[in-house]
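Topology and contacts: notes
Residue strings, one per chain:
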Amino acid sequence: MKLIYLHGVGDGDTSRAWLDALNKSLLAENLPVIDEKDVIAPHYSDLLLSPDAAASIPKPTVNGKISDLSVERAQFIDRQIEAARVVGADPTAQALGFPLPDLGAMDAKLGAVLGAMPEKWYANEIKQIQAYVHQKGLRGAVLTRVLEEIPPIGEIVIVGHSLGSVVTVDLLSRLPADVSVRRVVTIGSPAQTGLFAVSRQELIGNFPYARTNSWLNFFSKRDPVTRARGLATVFADVQDIRVNIGKVGHSSAAYLKQPSVARAVGSAYHQSDLTPRRTTKVTTALTDDTAALILELHFRYAVAEAITDANIKARFTEAIRINRRDLVAQIWAADKEGIPLPRQLHFLAEGKTPEVPDYWSTTSIIEQLTILALSDLTAPFEIDIADASFKAIPGFAEQIGLTREFGDALAWTIRRFNNKMTKLSKPGTSWQRWAIAGAGVAVIAIAPIGLIALAPAGAAGAAAMTGGLAALGPGGMAGGLATIGGIAGTGTAITTAATVSRRRGATRLSSAELLLAVAVAYAQKVLAHDFDDDLWSKASAAVTELSAQINTVEALSDAKAPSVAAMIAERDMTQNLVQFMDANGLSPDTLPPIALT
């Protein structure tokens, strides 16, 4: 393992102050230091100042053939999300997704000042940067010298500062074929500016997803060279992280002494040397939600196996991995707080997959599997898995100790319900996904319900979706430990299942919740099991309540008010569900008597 340091303009950081700053910060983060003998720091400042430096630009070593890189990119994005977690617990660093957030009033003023500073305060630096960009011979000479010092085989971590980050952009696609990059860490990069459009386009067209593990870019709003901007606006595959370097400046040491930057470098460099984490083993009994969460995780794997398209299967598998890692991060946060959790969650945190427990009656497993089959298992991503959820049921039923015949019957029943309900719904219904691979057949895909509203915004800037963990321990965890730095949580469908089950006594279910409840009742009835025979009354009451609300609001609202249209759609869908129950024997045998006055 070698650390490659690519310096910016100037003398090339020959004093190694950058390494001293990094090692000091590594020690503060309880990470081993990096020995100077394991550092490769090519020196090319003399080339930047020489008018005669020239060489051919090395050719890319990545496969230049036109191919579908979506699978490799999906795996790369998964690694990016995990890398961003490295800094997720650092309160001084903020991981940013695309696009960058608006700066506040004071930050906007500072950004305007910094935007005007580089040409006045950094004239020599800008001159050398422009020479590197516009003189192909110089660019080739720098890249050739750097490549001469990189080993032909092995693993490396690259740290690129300022112009060195631009050299990194040029270098990634030209590294020896047998060299893999554990992590790229760029600091103080100006690569988002128009000067580097050529380098960016070359890398975007030849990005080595397979041999680059992750790329984190650190920038500061007080750095004139970055102009208070990251790289995500021009590199979709870069994870931007803003840090506070204190006073206005640009030095590599100012960045490398930041805890989040040191953690990003050190955790990648010492990855194989770090001791595996173990939970505290503070346990509690298995809960309904934990059991359902484990069932869902196994069902997702079964659905992945049922997907026949290799590209879709690979992306769906990466989505599962991302969701699982986010759940594991939540478990570690809960464990750190000393919250007792079922031992199955401790297994998950330590990289094991707990077995599906023998936990449900047949009536209850019909409920769980029906809700899973009709839930959007790809959220927050959009991946068309067609009817793979239905196809997975027979084999999965057998896997958890039921018979394949039972699974076939349940899958047929759920598919039949799906086909009937999609014919009753209007095009564009929010819970409906059109399955391109399913010959135009609509597939119900209910988005996660309920506990999502309790989740704080994730560190990546997106609304993080909490999974069943919010209710796994005694008293629950919603409100603070639901998410740690990720973009999605496992357990979304189970959250829906738990919410539907708990809210059956509520005043009114939403049409999506009601649809799942009706699907469960229909499957239970067809398979000769008990079902909720009070559901019809609740649905009818919901139609009445919605109609009253519409009559009140519609009278004074605009003719095409979106809120009124939404209420009408909700009422119509609920009415369709009532009609479905009437037609399929889910209404009460006797209606309640009408009181005469």
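Since we're looking at a predicted model, the values are computed, not measured.

Notes on the overall build of the protein
For the protein, the count of helices and strands is 21 helices and eleven strands. When each of the 597 residues of the protein is scored for burial, the buried share is 54%. Nonlocal contacts in the protein, meaning residues at least 24 apart in sequence, comprise 79% of its contacts between residues at least 6 apart. About 26,100 Å² of surface is accessible on the protein, with carbon and sulfur atoms providing 54% of the total.

Comments concerning the packing of aromatic side chains
The tally for this structure, following the rule as stated, stands at ten aromatic pairs. The interplanar angle of 75 degrees and the centroid separation of 5.5 Å between the aromatic rings of tyrosine 359 and tryptophan 360 together place this pair among those described as edge-to-face. Seen in terms of ring centroids, phenylalanine 417 and tyrosine 522 are 6.0 Å apart; in terms of plane orientation they differ by 35 degrees. Their pairing is tilted. Separated by 105 residues along the polypeptide, phenylalanine 417 in helix H17 (residues 404-424) and tyrosine 522 in helix H19 (residues 511-526) bring together distant segments of the chain. With respect to burial, phenylalanine 417 and tyrosine 522 carry one shared label: buried.

Here we look at the nonpolar core
Counting 70 residues, the largest nonpolar core has Phe299, Leu410, Phe417 and Val518 as its most contacted members. Residues in contact with valine 518, not counting those within four places in the same chain, are Phe417, Leu535, Leu577, Phe580, Met581 and Leu586. Counting residues in each nonpolar core, the second largest holds 39 residues, with Ile40, Ala141, Ile156 and Leu231 among its members.

Points about the pairing of strand E5 (residues 178-187)
Within E5, eight of the ten residues are buried, leaving the element largely enclosed by the surrounding structure. Relative to E5, strand E4 (residues 153-161) runs parallel, the two sharing nine bridges. Directly across from valine 159, in E5, lies its bridge partner valine 185. Of the crossover connections in this fold, the one passing from E4 over helix H8 (residues 163-172) to the parallel E5 is right-handed. Pairing geometry for E5 and strand E6 (residues 215-219), over four bridges, is parallel.

Concerning the packing of helix H7 (residues 136-149) against H8
Between H7 and H8, the shortest axis-to-axis distance is 11 Å and the interhelical angle comes to 75 degrees. The orientation of H7 with respect to H8, classified from their angle, is roughly perpendicular. Across the interface between the two elements, Arg139, Val142, Leu143, Val146 and Leu147 from H7 touch Val167, Asp170 and Leu171 from H8. Tallied by class, residues from the contact of H7 with H8 come to six nonpolar, no polar and two charged.

Overview of the confidence of the model for the protein
Interpretation of this model should avoid reading the predicted coordinates in detail wherever pLDDT is low. When pLDDT is averaged along the protein, the result is 76; 73% of the residues meet or exceed 70. Low confidence marks residues 430-440, where pLDDT is under 50. Its contacts with residues over four positions away, or in another chain, come to 33 contacts. Here residues 449-500 is a poorly scored stretch, pLDDT under 50, and it has 145 contacts once near neighbours within four places are set aside; other chains count.

Description of the environment of phenylalanine 76
Assignment of secondary structure puts phenylalanine 76 in helix H3 (residues 70-85). Taking the C-alpha atoms as reference, phenylalanine 76 lies 7.4 Å from alanine 210; in sequence the two are 134 residues apart. Ignoring sequence-local partners within four residues, the contact set of phenylalanine 76 consists of Phe207, Tyr209, Thr212, Asn213, Ser214, Trp215 and Asp237.

Remarks on helix H16 (residues 388-399)
Given a rise of 1.5 Å per residue, twelve residues ought to cover 16 Å, and the 16 Å separating the end C-alpha atoms of H16 matches this to within 8%. Residues of H16 that are buried include every one of Ala388, Ser389, Phe390, Ala392, Ile393, Pro394, Phe396 and Ala397, and no others. Following H16 by one or two positions, glycine 401 adopts a phi angle in the positive range, close to 100 degrees.

A word on unusual backbone geometry
The backbone of serine 162 sits at a positive phi, close to 55 degrees, despite the residue not being glycine. With respect to the helices, strands and loops of the structure, serine 162 is situated in the loop between E4 and H8. With a relative accessible area of 4%, serine 162 lands in the buried category. Residues other than glycine seldom take positive phi values, yet alanine 528 does so here, at roughly 65 degrees. In this fold, alanine 528 is placed in the loop between H19 and helix H20 (535-554).

Remarks on the pattern of salt bridges
Per the counting criterion, the structure on display carries 16 salt bridges. A salt bridge links arginine 404 to glutamate 398; the shortest N-O distance between them is 3.2 Å. Of the residues examined, arginine 404 reaches a relative accessible area of 38% and is grouped as partly exposed. Looking at glutamate 398, the relative accessible area reads 43%, which means it is partly exposed. A single network of salt bridges, built from pairs that share partners, joins Lys2, Lys37 and Asp38.

Digging into the environment of alanine 542
Examined against the element boundaries, alanine 542 turns out to sit in helix H20. Residues alanine 542 and valine 578, 36 residues apart in the sequence, show an inter-C-alpha distance of 9.8 Å.

Cut-off values and rules
Residues numbered from 1 in each chain as written. Predicted model: local features only at pLDDT ≥ 70, side-chain atom pairs only at ≥ 80, totals over all residues. Heavy atoms only, no water. Helix = DSSP H or I, 4+ residues; strand = E, 2+ residues; numbered from the N terminus. Buried < 20%, exposed > 50% of the residue type's maximum accessible area, 1.4 Å probe, protein only. Contact = heavy atoms within 4.5 Å. Areas by Shrake-Rupley, 256 points an atom, 1.4 Å probe, with all protein chains shown as cover. Phe/Tyr/Trp six-rings, centres within 6.5 Å; stacked < 30°, edge-to-face > 60°. Core = buried A, V, L, I, M, F, W, Y, C linked by side-chain atoms within 4.5 Å. Pairing = 2+ DSSP bridges. Right-handed = clockwise from strand over helix to strand, strands pointing away. Axes fitted to C-alpha atoms, helices over the stretch in contact; angles between N-to-C directions. Parallel < 35°, antiparallel > 145°, perpendicular 65-115°, else oblique. Nonpolar A, V, L, I, M, F, W, Y, C, P; charged D, E, K, R; others polar. pLDDT = per-residue confidence, 0-100. Expected span 1.5 Å × (residues − 1). Salt bridge = Lys/Arg side-chain N within 4 Å of Asp/Glu carboxyl O.

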